[in-house]
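Letter by letter, the chains look like this.
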Amino acid sequence: MKLNEVTITRAILSEQSRVMLDYVDLEVAVVGAGPSGLACAALLGEQGVKVGVIEKKLSIGGGMWGGGMMFPRIVVQEEAKRLLDHFSIACKAFEEGYYVAKSVEAVAKLTAAACDAGAEFFNLTFVEDVVIKDDRRVSGLVINWTPVEMAGLHVDPLTIACRYTVDATGHDAVVAHMVASKGGMVTVAGEGPMWADRAEAMIVGHTREIFPGLVVTGMAANAVAGEHRMGPIFGGMLLSGERAATLILETMR
Ligand code: 48H
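We now turn to the structure provided with this report.

Conventions we followed
- Residues numbered from 1 in each chain as written.
- Predicted model: local features only at pLDDT ≥ 70, side-chain atom pairs only at ≥ 80, totals over all residues.
- Heavy atoms only, no water.
- Near = heavy atom within 4 Å.
- Polar contact = N/O pair within 3.5 Å; in protein donor to acceptor, adjacent residues only side chain to side chain.
- Areas by Shrake-Rupley, 256 points an atom, 1.4 Å probe, with all protein chains shown as cover.
- 1 Å grid on protein atoms, 1.4 Å probe; cavity = no way out; pocket = protein on both sides within 12 Å on 5 of 7 lines; lining within 4 Å.
- Sits in = over half its atoms within 2 Å of the grid points.
- Helix = DSSP H or I, 4+ residues; strand = E, 2+ residues; numbered from the N terminus.
- Nonpolar A, V, L, I, M, F, W, Y, C, P; charged D, E, K, R; others polar.
- Axes fitted to C-alpha atoms, helices over the stretch in contact; angles between N-to-C directions.
- Parallel < 35°, antiparallel > 145°, perpendicular 65-115°, else oblique.
- Left-handed = near helix turned anticlockwise from the far one by under 90°.
- Contact = heavy atoms within 4.5 Å.
- Expected span 1.5 Å × (residues − 1).
- Pairing = 2+ DSSP bridges.
- Buried < 20%, exposed > 50% of the residue type's maximum accessible area, 1.4 Å probe, protein only.
- Lys, Arg positive; Asp, Glu negative; His and termini not counted.
- Salt bridge = Lys/Arg side-chain N within 4 Å of Asp/Glu carboxyl O.

**Brief notes about the site of the ligand**
Then, number 1: Around the ligand sit 27 residues in total, of which Ser-36, Glu-55, Gly-63, Arg-229 and Gly-231 are the nearest.
Then, number 2: In the environment of the ligand, an oxygen atom lies 2.8 Å from a nitrogen or oxygen atom belonging to the backbone of Gly-231.
Then, number 3: In isolation the ligand has 800 Å² of accessible area, and contact with the protein removes 92% of it.
Then, number 4: Of the pockets mapped on this structure, the ligand occupies the largest pocket.
Then, number 5: For the shell around the ligand, the secondary-structure elements that each account for two or more residues are α2 (35-46), β2 (51-55) and β7 (125-132).
Then, number 6: No other element matches the three residues that β7 contributes to the shell around the ligand.
Then, number 7: Grouping the amino acids of the shell around the ligand by side-chain chemistry returns 12 nonpolar, 11 polar and four charged.

See below:
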């Protein structure tokens, strides 16, 4: 068989255009493909929810790749071990209640789980604004290509509709800040200093719908609540992603 460059181009354009047209309207848009967003997307997808993950970087995985200070290992506590098992992420017991896993494997397996569950990824795409109309609900997202932002080009964005948005943008809580800055009656208290045990204990409780249609998860949930940070322990990220998925499933169905 003789390969044809134009067929390769048509295959990519036709398939991705079909997916993009389909995902102009989705059930849940997860903004940010770090550990909390990936866990949330995978668990929602497993329940048959139409999920799109929007990630501004080329790479998926957020802050998980780097482990702790570039040592590619993460720590997960007992409470979240079942989620490591759920996603088939291998780990070793360390001291009682602590497990160590490979950060690269964790990102790869969470990403694969989300793909297997039917989530679609839109990387190199960033959310620059939200849609809020008379019903005072986040009902859509304004998106653009990351290279447009990087090059400072004046190119208008496009808009997608979603029933729920999950702010999984990490420390910066980007979507929550957008709603706060547009008079959305949301306050972002800002992240506190390191206090791992407290931050991990509180994160699931901070994972909530902070504005109609907008759920915060992961570090974004702690940043909104004024909660502490926890360093390279990732159980809370997985548990928070799971909580966000559960909250949405409970209200949507
Ligand atoms: C699209 C965007 C946008 C945008 C940002 O930082 P993350 O890994 O987030 P979490 O909360 O799942 O995990 C946090 C964890 O990695 C971490 O940093 C921890 C545990 N720190 C503790 C400590 O003490 O330091 O991922 C967020 C993702 C990134 O990939 C961003 O590129 C992406 O969100 N993102 N995507 N549109 N506007 N803004």
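There is more to say, and it comes next.
**A closer look at the packing of α2 against helix α4 (residues 103-116)**
Then, number 1: Following both chains from N to C, one finds α2 and α4 inclined at 30°, their axes separated by 8 Å at the closest point. Viewed along their axes, α2 and α4 adopt a mutual orientation that is roughly parallel. Every pair of crossing elements has a handedness; the one defined by α2 and α4 is left-handed. On the side of α2, the interface is formed by Pro-35, Leu-38, Ala-39 and Ala-42, while α4 contributes Val-107, Leu-110, Thr-111, Ala-113 and Ala-114.
Then, number 2: Looking at the contact of α2 with α4, its residues break down into eight nonpolar, one polar and no charged.

**Description of helix α1 (residues 5-22)**
Then, number 1: Its 18 residues give α1 an end-to-end C-alpha distance of 26 Å, which sits within 8% of 26 Å, the value for a rise of 1.5 Å per residue.
Then, number 2: Here α1 starts with a cap whose side-chain oxygen sits 2.7 Å from the backbone nitrogen of Val-6, and that cap is Asn-4.

**Describing the sheet that holds strand β5 (residues 98-102)**
Then, number 1: Pairing within the open sheet is antiparallel, and its three strands lie in the order β3-β5-β4. A single partner strand is all that each edge strand has here, and the edge strands are β3 (73-77) and β4 (91-93). Pairwise comparison of adjacent strand axes, ignoring direction, gives a mean angle of 30° for this sheet.
Then, number 2: Bridge count for β3 against β5 is five bridges, and the pairing is antiparallel. Across the sheet, the residue bridging to Gln-77 is Tyr-98, located in β5.

**Structural notes on the side chain of Glu-55**
Then, number 1: Inspection of the secondary structure puts Glu-55 in strand β2.
Then, number 2: Although Glu-55 lies buried, it forms no salt bridge, and the closest oppositely charged side chain, Lys-57, sits 5.6 Å away as judged by the N-O distance.
Then, number 3: For Glu-55, the side chain forms a polar contact with the main-chain nitrogen of Lys-57, separated by 2.8 Å.
Then, number 4: Look past the residues within four positions of Glu-55 in its chain and what remains in contact with it is Gly-32, Ala-33, Ile-60, Phe-122, Asn-123, Leu-124 and Thr-125.

**Remarks on unusual backbone geometry**
Then, number 1: Despite not being glycine, Leu-124 shows a phi value in the positive range, around 55°.
Then, number 2: We classify Leu-124 as partly exposed; its relative accessible area is 32%.
Then, number 3: The phi dihedral of Arg-136 falls on the positive side, at around 50°, and the residue is not glycine.
Then, number 4: Turning to its location among the elements, Arg-136 is positioned in the loop between β7 and β8 (138-145).

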